[in-house]
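Read off the chains here:
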Amino acid sequence: SCQRSRRTSFFLVDAAPKPAASDASRRRALVDALDVNDSDVVLDAATGTADVALLAGAAGARVLGVDPSANMLAIGREKVAAAGLARRVALELGDATDLAAYKNATFDKLTISFGIRNIPDVAGALAELRRVAKPGATLGVLEFAVPEAGPLAPLAR
């Protein structure tokens, strides 16, 4: 299921283990919940091997995936090329807490899936994501655990 906070444009997609649910179906649910389309410019933070970036690109969006792991990005680039999406999906080495290379108000939709747990400064990453988000942009966060404390906790309630 997907919950939308009334106070923000954040989505939290429930990724709790369900019978027959897969990571791929959860990622698809995230992209579907964000209603990604061909007019969108999407940032996929902590893109890893670009699974969400590929789904957003296949939906027609222009996508930038950033990740701090060059090895993960190498695998992602192979997947992008194999899918024929190199004109829509770009992958760059980067960190969600430091998006200084990108202008303010650049992205229509922003995603992070199974990666926010690995960011030491979640508040800093959320501040950077907000800075590069266009007014009215939507952030989709896909994680297994519902936070009980910290900056994401109010969004999960």
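Let us look at the structure shown here. Computed from a predicted model, the values in this text were never measured in an experiment. (Residues numbered from 1 in each chain as written. Predicted model: local features only at pLDDT ≥ 70, side-chain atom pairs only at ≥ 80, totals over all residues. Heavy atoms only, no water.)

1. Regarding the pattern of salt bridges
In step 1: Within this structure, the stated rule accounts for seven salt bridges.
In step 2: When the shortest N-O distance is used, the salt bridge between D23 and R26 registers 3.3 Å. Residue D23 and its partner R26 are located together in helix α1 (residues 23–33), separated by three residues, close to a single helical turn.
In step 3: The closest approach of N and O atoms between D51 and K79, which form a salt bridge, is 2.4 Å. (Salt bridge = Lys/Arg side-chain N within 4 Å of Asp/Glu carboxyl O. Helix = DSSP H or I, 4+ residues; strand = E, 2+ residues; numbered from the N terminus.)

2. Topic: the nonpolar core
In step 1: L43, F107, L110 and L129 are the most contacted members of the largest nonpolar core, which totals 22 residues.
In step 2: Put simply, the parts of the chain that give this core at least two residues each are β3 (41–45), β4 (62–67), β6 (107–113), α4 (122–132) and β7 (133–143).
In step 3: The greatest single-element share of this core, amounting to five residues, is contributed by α4.
In step 4: Residues within four places of L129 in sequence aside, it is in contact with L43, A45, L99, L110 and L139.
In step 5: Within the second largest apolar cluster, 20 residues are counted, among which are L34, A53, L91 and F114. (Core = buried A, V, L, I, M, F, W, Y, C linked by side-chain atoms within 4.5 Å. Buried < 20%, exposed > 50% of the residue type's maximum accessible area, 1.4 Å probe, protein only. Contact = heavy atoms within 4.5 Å.)

3. Topic: the pairing of β6
In step 1: With seven of seven residues buried, β6 is to be regarded as a mostly interior element.
In step 2: Of the strand pairs in this sheet, β6 and β7 are connected by six bridges, and their pairing is parallel. Note on β7: the bridge partner recorded for T111 is G140.
In step 3: The handedness of the β6 to β7 crossover, carried by α4, is right-handed. (Pairing = 2+ DSSP bridges. Right-handed = clockwise from strand over helix to strand, strands pointing away.)

4. Digging into α1
In step 1: For α1, the complete set of buried residues consists of R26, R27, L30 and V31. Across the axial projection of α1, the buried residues extend over an arc of 140°, all falling on one side.
In step 2: Two residues or fewer past α1, D35 is found with a positive phi of approximately 55°. (Arc of directions from axis to C-beta.)

5. Let's talk about the pairing of β3
In step 1: The element β3 is extensively covered by neighbouring structure, given that five of its five residues are classed as buried.
In step 2: Here β3 shows two buried faces, one formed by V41, L43 and A45 and the other by V42 and D44.
In step 3: Alignment of β3 against β4, held across five bridges, turns out to be parallel. Opposite V41, over in β4, you have R62 as the bridge partner.
In step 4: Handedness of the crossover joining β3 and β4 through helix α2 (residues 51–58): right-handed.
In step 5: Relative to β6, β3 is paired through four bridges, and the arrangement is parallel. By the bridge assignment, D44 is partnered in β6 with T111.

6. A look at helix α3 (residues 70–83)
Within an α-helix, residues lying three or four positions from one another point in the same direction, as the helix has 3.6 residues per turn.
In step 1: Its 14 residues place the ends of α3 20 Å apart at the C-alpha level, agreeing with the 20 Å of an ideal helix rising 1.5 Å per residue.
In step 2: Those residues of α3 that fall on the buried side of the exposure criterion are L73, G76 and V80. Buried residues of α3, seen end-on, are gathered within an arc of 60° and therefore sit on one face of the element. What points out from α3, more than 90 degrees from its buried face, is the exposed set N71, E78, A81 and A82.
In step 3: Close packing links the buried residues of α3 with α2, β4 and β5 (89–93).
In step 4: A positive phi of about 70° marks G84, the residue just after α3. (Expected span 1.5 Å × (residues − 1).)

These results come straight from atomic positions and should not be treated as a statement about function.
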